[in-house]
Structure formats: C-alpha cells, structure tokens
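# Geometric and topological summary
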Amino acid sequence: MNSQRDLLIRGSEKVIGHYELLLASAKTEHERELYRQRIERERRLTRDLQGGLDHRAA
C-alpha cells in the first residue's frame, strides 16, 4: 500500500510542476487563477496522501 501512495504522491507532484509551468506562461489573469486553483487542489491531495490516509485505514 505504501508504494501505491508513494506513486500517487510523485504523480501529484509532477502535475503540480506542469501547472506551475503553465502558470508561468499564462497570458490572462483568468488563466493564472485557474492554474493557481489547480495547483492548490493538487497540493491538498498530496497532503492528504502524505498524512490523511493513515487515520482512514484504522
């Protein structure tokens, strides 16, 4: 189970990196806000994966 969680965390971190690249090249404020929201969502998911699954398994 731990290796699956690690894989999901790494994937989420890659997604964040891609969104950060898109954010850096965004042309409008609407695009920037969209990418910021998606980055924050991925960060929340990553935090949940890093700590939130431990108490759910019990």
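In what follows, the structure referred to is the one given above.
Below you will find a few notes about this structure.

Conventions adopted
- Residues numbered from 1 in each chain as written.
- Predicted model: local features only at pLDDT ≥ 70, side-chain atom pairs only at ≥ 80, totals over all residues.
- Heavy atoms only, no water.
- Helix = DSSP H or I, 4+ residues; strand = E, 2+ residues; numbered from the N terminus.
- Buried < 20%, exposed > 50% of the residue type's maximum accessible area, 1.4 Å probe, protein only.
- Contact = heavy atoms within 4.5 Å.
- Areas by Shrake-Rupley, 256 points an atom, 1.4 Å probe, with all protein chains shown as cover.
- Salt bridge = Lys/Arg side-chain N within 4 Å of Asp/Glu carboxyl O.
- Expected span 1.5 Å × (residues − 1).

Below, the discussion takes up the overall build of the chain. Regarding its fold elements, the chain presents two helices and zero strands. Counting every position in the chain, which comprises 58 residues, the buried fraction comes to 21%. Counted over contacts in the chain with a minimum sequence separation of 6, partners at least 24 positions apart contribute 47%. For the chain, the accessible surface area stands at approximately 4,500 Å², while carbon and sulfur atoms represent 55% of it.

The next point concerns the side chain of Thr46. Mapping Thr46 onto the fold places it in helix H2 (residues 29-57). By relative accessible area, Thr46 is classed as buried at 7%. Thr46 has contacts with Ile9, Ser12, Glu13 and Ile16, leaving out every residue within four places of it along the chain.

Topologically, Leu34 is positioned in helix H2. Counting along the chain gives 15 residues from Leu34 to Tyr19, while the straight-line C-alpha distance between them is 9.6 Å.

A few words on the pattern of salt bridges. When charged atoms on two side chains of opposite charge get close, those side chains can pair. Tallying each qualifying case throughout the model produces five salt bridges. Glu29 is the partner of Arg32 in a salt bridge, and the nearest nitrogen-oxygen pair spans 3.2 Å. Pair noted here: Arg32 and Glu29 are both in helix H2, with a separation of three residues, about one helical turn. Relative accessible area serves as the criterion here: at 24%, Arg32 is assigned to the partly exposed category. A network of salt bridges, in which partner residues are shared, links Glu29, Arg32, Glu33 and Arg36.

Before going further, it helps to examine helix H1 (residues 2-24). Its 23 residues give H1 an end-to-end C-alpha distance of 33 Å, which sits within 8% of 33 Å, the value for a rise of 1.5 Å per residue. For H1, the set of buried residues is Arg5, Ile9, Ser12, Ile16 and Tyr19.

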